[in-house]
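# Topology and contacts: notes
Listed below are the residues making up each chain.
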Amino acid sequence: MLHKDIKKVLITAEEIQKRTDEIAARISKDYEGEPILMVCILRGAVLFFADLVRKINAEINFDFMAVSSYGAGLSSSGEVRIMKDISGPIQGKNVIIVEDIIDSGNTLCYLKRLLKQRHPKSIRIAALLDKPERREADIEGDYIGFKVPNEFVVGYGLDYNEKYRNLPDVCVLKPEVYEK
Ligand code: PRP
């Protein structure tokens, strides 16, 4: 049964798992047994990260970053505040940043630039969702689950006012929920 605030299911839990299998297979092949440092961007990416890492056939380390936009909403410069940084050096490592969604792209653009300065061996982006219509920054994901239309999506980690993260599917929120 649908949650009362949900207009429709956009991507089902089964579809997410199937696509995550495909992405994990590609990552396993691309890195051919090389170790990977998977960096989860808290909090939205937690569920995608947890499902993705256990499907990849490689030596994997985990790390976590928490970021938040500067002031009210992301500034046009795309500057974000680091609330929690990666716990160790990444020099010489294969890093994959794991995100739930690329929207304006400002967060990932900033993060990728920041982490590149620390001289990783390689750096790529895996994102469950991509909303290309909203893009402001010049950034592309390397591993994308689904392209989504410019609708308010929640569930499978994504929130509105910190709610709905635990819904198993990616869903479209009823407009009256965020318009009131
Ligand atoms: C979301 C998402 C990305 C960012 C994408 O995070 O997880 O980090 O916004 O937006 P952008 O492409 O426009 O920069 P949010 O700040 O909502 O935090 P959360 O992950 O804790 O939900």
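The sections below set out a description of the structure shown in this document. Sequence order as written defines residue numbering, which begins from 1 separately in each chain. Confidence filtering applies because this is a predicted model: local features only for residues at pLDDT of at least 70, side-chain atom pairs given and counted only at 80 or more, and all residues used for totals across whole chains, interfaces and linings. Side-chain measures were taken over the full set of non-hydrogen atoms in the model, leaving aside hydrogen atoms and water.

Moving on, we get to the nonpolar core. By nonpolar core we mean a set of buried residues, namely Ala, Val, Leu, Ile, Met, Phe, Trp, Tyr and Cys, connected to one another through side-chain atoms within 4.5 Å. Using a 1.4 Å probe on the protein chains alone, a residue whose accessible area is under 20% of its type maximum counts as buried, one over 50% counts as exposed, and one in between counts as partly exposed. Ile27, Met38, Leu52, Ile96 and Leu129 are the most contacted members of the largest nonpolar core, which has 30 residues in total. Only DSSP runs of H or I covering at least 4 residues are called helices, and only runs of E covering at least 2 are called strands; the numbering of each starts at the N terminus. Those elements giving two or more residues to this core turn out to be helix H1 (13-31), strand S2 (36-42), helix H2 (46-53), strand S5 (94-102), strand S6 (122-130), strand S7 (143-147) and strand S9 (170-173). With 5 residues, the top contributor of residues to this core is H1. Aside from chain neighbours lying at most four places away, what touches isoleucine 27 is Ile36, Leu52, Ile56, Ile96 and Tyr143. Grouped together as the second largest cluster of nonpolar side chains are 22 residues, Ile41, Ile90, Val95 and Ile97 included. The contact definition used throughout considers only heavy atoms, calling two residues in contact when any of these lie within 4.5 Å.

Once that is clear, we can look at the sheet that holds S9. For two strands to pair, DSSP has to find at least two bridges joining them. Read from one edge of the open sheet, 3 strands run S1-S9-S8, paired in antiparallel fashion. Each having just a single partner strand, strand S1 (6-11) and strand S8 (153-154) make up the two edges of the open sheet. Bridging between S8 and S9 involves 2 bridges; their strand directions are antiparallel. Paired with valine 154 across the two strands is cysteine 171, which belongs to S9.

Neighbouring residues are identified by heavy atoms, a residue being near a molecule or strand if any of them is within 4 Å of it. Around the ligand sit 15 residues in total, of which Glu99, Asp100, Ser104, Gly105 and Thr107 are the nearest. Two N or O atoms count as a polar contact when they lie within 3.5 Å, although within protein this holds only if one can serve as hydrogen donor and the other as acceptor, and sequence-adjacent residues are included solely when both atoms are side-chain atoms. A distance of 2.9 Å is found between an oxygen atom of the ligand and a backbone nitrogen or oxygen belonging to glycine 44. Here an oxygen atom of the ligand and a backbone polar atom of glycine 105 are 2.7 Å apart. About the coverage of the ligand: the protein hides 77% of its 500 Å² of free accessible area. Throughout, the protein atoms alone are placed on a 1 Å grid, and a set of points is a cavity if a 1.4 Å probe fits but cannot get out or a pocket if it is open with protein on both sides within 12 Å along at least five of seven lines; lining residues have an atom within 4 Å of a point. Molecule-in-pocket calls rest on the fraction of atoms, with more than half required to lie within 2 Å of the cavity or pocket grid points. When atoms are counted within 2 Å of each cavity's grid points, the one that captures over half of the ligand is the largest pocket. For the accessible areas, the method is Shrake-Rupley and the probe is 1.4 Å, while residue cover comes only from the protein chains on display.

Below, the discussion takes up the state of the cysteines. To count as a disulfide, a pair of cysteine sulfur atoms needs to be within 2.5 Å. Considering all chains together, one arrives at 0 disulfides under this definition. Cysteine cysteine 40 shares no disulfide, and the gap to the nearest cysteine sulfur, in cysteine 109, comes to 20 Å. With no disulfide of its own, cysteine 171 lies 20 Å from the sulfur of cysteine 40, the closest cysteine sulfur. Since its relative accessible area comes to 3%, cysteine 171 is described here as buried.

Another point: the packing of H1 against H2. Axes here mean lines fitted to C-alpha atoms, for a helix over just the part in contact, with angles spanning 0 to 180 degrees between N-to-C directions. Between H1 and H2, whose axes approach to 9 Å, the crossing angle comes to 55 degrees. If you check the angle between H1 and H2, you find them oblique. In this structure, H1 meets H2 at a crossing whose hand is right-handed. Contact residues: Gln17, Thr20, Ile23, Ala24 and Ile27 in H1; Phe48, Asp51 and Leu52 in H2. Here the term charged refers only to Asp, Glu, Lys and Arg, the term nonpolar to Ala, Val, Leu, Ile, Met, Phe, Trp, Tyr, Cys and Pro, and the term polar to all other amino acids, Gly among them. The residue inventory of the contact of H1 with H2, partitioned by class, reads 5 nonpolar, 2 polar and 1 charged. Put simply, angles under 35 degrees are roughly parallel, angles over 145 are roughly antiparallel, angles from 65 to 115 are roughly perpendicular, and the rest are oblique. By the definition used in this description, the sense in which the near helix is turned from the far one sets the handedness, with an anticlockwise turn below a right angle giving left-handed and a clockwise turn giving right-handed.

So, on to H1. For H1, spanning 19 residues, the distance from its first C-alpha to its last is 27 Å, which sits close to the expected 27 Å at 1.5 Å a residue. For H1, every residue scored as buried is listed here: Ile16, Thr20, Ile23, Ala24, Ile27, Ser28 and Tyr31. Down the axis, H1 shows its buried residues gathered within 140 degrees of arc, on one side only. Away from its buried face by more than 90 degrees, H1 exposes Glu14, Lys18 and Lys29. Taken from the residues just after H1, glutamate 32 is the one with a positive phi, measuring 40 degrees. One less than the residue count of a helix, multiplied by 1.5 Å, gives the span that helix is expected to have. It is the directions from the helix axis to the C-beta atoms that the arc portrays.

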